[in-house]
Amino acid sequence: MLDMKEKMILIAFCMTIMFCMSACSGNTINSGDNQNAVTEISTSENVETESSEENVMSDESAMYQLAEKDESVDDEAIGDSTMIMKIGDTEVNVEWEDNQAVEALRDMAKDGDITIQMSMYGVFEQVGSIGQSLPRDDKQTTTSSGDIVLYSGNQMVVFYGSNSWSYTRLGHISDKDEAEMADLLSNCDVTITISSE
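Along each chain, residues carry numbers from 1 onward, in the same order as the chain's sequence is written. Two thresholds apply to this predicted model, a pLDDT of at least 70 for residue-level local features and 80 or more for giving and counting side-chain atom pairs, whereas whole-chain, interface and lining totals are computed over all residues. Based on all heavy atoms of the structure, the side-chain values leave hydrogens and waters out of the count.

Peer 1: Explain the side chain of Ser-195 to me, using residue names and the numbers behind them.
Peer 2: Note on conventions: DSSP H or I runs of at least 4 residues are helices, E runs of at least 2 residues are strands, and numbering of each starts at the N terminus. Within the secondary structure, Ser-195 sits in strand S11 (residues 191–196). Ignoring sequence-local partners within four residues, the contact set of Ser-195 consists of Met-83, Ile-84, Ala-109 and Asp-113. Contacts are residue-level and defined by heavy atoms, with any inter-residue pair within 4.5 Å sufficient.

Peer 1: An account of a negative patch on the surface is requested, with residue identities and associated values reported.
Peer 2: A cluster of like negative charges, contributed by Glu-91, Asp-175, Asp-177, Glu-178, Glu-180, Asp-183 and Glu-197, occupies part of the molecular surface. At 3 residues, the largest contribution of residues to the negative patch is made by helix H3 (residues 178–185). By the secondary structure assignment, Glu-178 is in helix H3. Excluding any residue in a salt bridge, patches collect residues exceeding 30% relative accessible area, merging like charges within 9 Å and nonpolar Val, Leu, Ile, Met, Phe, Trp and Tyr side chains within 5 Å. All accessible areas in this document rest on Shrake-Rupley with a 1.4 Å probe, and a residue is counted as covered only by the protein chains that are shown. For this document, the term salt bridge refers to a Lys or Arg side-chain nitrogen within 4 Å of an Asp or Glu carboxyl oxygen. When charges are counted, neither His nor the chain ends are considered; positive counts come from Lys and Arg and negative counts from Asp and Glu. Charge positions are represented by NZ for Lys, CZ for Arg, CG for Asp and CD for Glu.

Peer 1: Break down the sheet that holds strand S4 (residues 114–117) for me, citing the residues and quoting the values.
Peer 2: Pairing between strands is defined by DSSP: at least two bridges between them are needed. Within the open sheet, the 4 strands sit side by side as S2-S1-S11-S4. Their pairing is antiparallel. Among the strands making up the open sheet, the edge pair consists of strand S2 (90–92) and S4. Sheet twist, expressed as the average angle between the axes of neighbouring strands with direction ignored, equals 25°. One ladder, built from 3 bridges, connects strand S1 (residues 83–87) with S2; its direction is antiparallel. Directly across from Lys-86, in S2, lies its bridge partner Glu-91. Helix-sheet contacts for helix H2 (residues 100–110) involve S1, S4 and S11, and the interaxial angle to S11 is about 85°. Fitted lines through C-alpha atoms serve as axes, helices being fitted only where they are in contact, and the angles separating the N-to-C directions of these axes extend from 0 to 180 degrees.

As structure tokens, then:
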């Protein structure tokens, strides 16, 4: 027969074993739960990664399509707005203004080449009749070499020097410096030809 002290030790031992078993059993469950949670997180991350990659690919595709669209819009704009200008036999690069006078000039060029007989005036410009009046938006302007303006609604003026007057801007010759403009315009009267590209 066990004495009281031994019973107490046995009860304490049994309780310790039961406690350890329940703790181990809880850990096992938690461990399984953790594995499931890790699997779920991993799956979730994979889904998110795939979703992010799809979004990136989708964004890149959309950006590419927008770029293509912009290019075609630019091509159309260039096709619609480009006119070729020659001084004598020399083709010059003109940055045309975006205004009604240039639109009207462009419409004229679509019907055939515009030929303007220019005459030297002063020691800074050549002037010639366009043959019809264009819409005016005259503003007090100080011109520089390479500037092309409309004067009195029906005269084109191309500068190789500078002047200050009320003009409607048509454009600027961007590929010739002051000396090259003087070579083109300061020696004799010239013919300017404007054609639609």
